[in-house]
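Topology and contacts: notes
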Amino acid sequence: MARVHKLFQAENGEYFNVSSSSQWVQDVEWTDWFDKYESTRYRDWEKLSEFRARYPDKICTHPIDIKVTTMNGSTIPVQVYYKGGHDYRFECRQNDQVHSPCRNYKVQFLCGKPVKPRVTVTVDTNVNSTILHLADSALSWRAGDVIIVASTDYSMYQAEEFTVLPCRACTRNQVKVSGTAKYLHIGEEMD
C-alpha cells in the first residue's frame, strides 16, 4: 500500500489536509460445487487438471483453497499435494485410514478474481483544530480573534486560549478554533 498526504491552505486561510492511499486488491470467491463421477476407491486421488477438463472455464488455474464434502454434505478430510509446480491433486481419506472407502463427493475451489487497483482519497478540514458548539451565536467572531474558554465548573486551572479559524461549514452556533481542547467538558451544552 502506498500513502501520501499534504497540508494545503485555502484562499480564506482555512487549512485542510488531503490524503490518498492506493493498493492492489484481489477479491476471492468460491466456485460452484463440482461432482466427482467415478466410482469410489479405497484411496481416491483427484487431479485439478481432470476437474478443469471436465468443467471447462468454470475453475481457475491456481485455486487458493479446496473444500471437499460427501454428496450428503458431510466434510471429508483432504490433503493437498502439489506436483509439477502448477497442477496438484488432493487425497480423500475417510477417518484418516488408507483402506476405508471414500464416498461419492463434490469439490469446491476458492479462486482469486483479477487483481485491480483501489484508490482512496480523503479531505480533512479539521486539521489541528476543534469545532466548539456554543449556546449563542458566534457570527460576530472573526478569523484571528483570540478567545478564552473556561470549563463548565469555572475552574481557573481548566481555562484555554484559542485562536478562531475560518470555517465555511460552521453554523451560527459553532466556531472553529486552532488546537484541540484538553478538557472534554469544555463546550458541553448545559440542560
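Details of the structure are given in the entry above.
Notes on the structure follow. Just so you know, these numbers come straight off a predicted model, no measurement behind them.

Looking at the sheet that holds strand E1 (residues 2-9)
Within the open sheet, the three strands sit side by side as E1-E2-E10. Their pairing is antiparallel. The strands lining the two open edges of the sheet, one partner per strand, are E1 and strand E10 (116-124). With strand direction ignored, the average angle separating the axes of adjacent strands in the sheet is 15°. As paired strands, strand E2 (residues 15-25) and E10 are joined by nine bridges and run antiparallel to one another. When the sheet's bridge partners are listed, Asn17 is paired in E10 with Asp124.

A word on the environment of Phe16
The residue Phe16 is located in strand E2 in this model. Classification of Phe16 by relative accessible area gives partly exposed; the value is 23%. Sequence separation between Phe16 and Asn128 is 112 residues, and the spatial gap between their C-alpha atoms is 9.4 Å. Setting aside chain neighbours within four positions, we find Phe16 in contact with Lys6, Leu7, Phe8, Gln9, Ala10, Val123, Asp124, Thr125 and Val127.

Observations concerning unusual backbone geometry
Even without a glycine there, the phi angle at Asp57 is positive, about 60°. Tracing the backbone shows Asp57 in the loop between helix H1 (48-54) and strand E6 (65-70). By relative accessible area, which is 85% here, Asp57 ends up exposed.

A look at the environment of Glu160
Relative to the helices and strands, Glu160 is located in strand E13 (residues 159-165). Along the chain, Glu160 and Thr180 lie 20 residues apart, while their C-alpha atoms are 9.9 Å from each other.

What about the packing of aromatic side chains?
For the structure shown, the criterion picks out five aromatic pairs. For the pair Phe34 and Tyr55, a centre-to-centre distance of 4.5 Å together with 45° between the ring planes defines the contact as tilted. With Phe34 in strand E4 (residues 34-35) and Tyr55 in the loop between H1 and E6, this pair connects stretches of sequence that are 21 residues apart. Side by side, Phe34 and Tyr55 carry an identical accessibility label, which is buried. For the pair Phe51 and Tyr55, a centre-to-centre distance of 6.3 Å together with 15° between the ring planes defines the contact as stacked. A relative accessible area of 14% means that Tyr55 is categorised as buried. Members of the aromatic cluster, connected to one another through ring pairs, are Phe34, Phe51, Tyr55 and Phe109. Lying over the aromatic face of Phe8, Lys6 brings its terminal NZ or CZ to 5.9 Å of the ring centre. The cationic tip of Lys106 hangs over the ring face of Trp33; the distance from NZ or CZ to the ring centre is 5.3 Å.

Quick look at the nonpolar core
Within the largest apolar cluster, 12 residues are counted, these being Phe34, Leu48, Phe51, Tyr55, Ile59, Cys60, Ile66, Val68, Tyr105, Val107, Phe109 and Cys111. For this core, the secondary structure elements donating two or more residues are H1, E6 and strand E9 (105-112). Looking at this core element by element, the count peaks at four residues for E9. If we skip the residues at most four places from it in the chain, Phe109 touches Glu29, Trp30, Thr31, Phe34, Leu48, Phe51, Ile59, Pro63, Asp65 and Ile66. Counting residues in each nonpolar core, the second largest holds nine residues, with Ile147, Val149, Phe162 and Ala181 among its members.

Procedures and definitions
Residues numbered from 1 in each chain as written. Predicted model: local features only at pLDDT ≥ 70, side-chain atom pairs only at ≥ 80, totals over all residues. Heavy atoms only, no water. Pairing = 2+ DSSP bridges. Helix = DSSP H or I, 4+ residues; strand = E, 2+ residues; numbered from the N terminus. Axes fitted to C-alpha atoms, helices over the stretch in contact; angles between N-to-C directions. Buried < 20%, exposed > 50% of the residue type's maximum accessible area, 1.4 Å probe, protein only. Contact = heavy atoms within 4.5 Å. Phe/Tyr/Trp six-rings, centres within 6.5 Å; stacked < 30°, edge-to-face > 60°. Lys NZ or Arg CZ within 6 Å of the ring centre and 35° of its normal. Core = buried A, V, L, I, M, F, W, Y, C linked by side-chain atoms within 4.5 Å.

Purely geometric numbers; function is a separate question.
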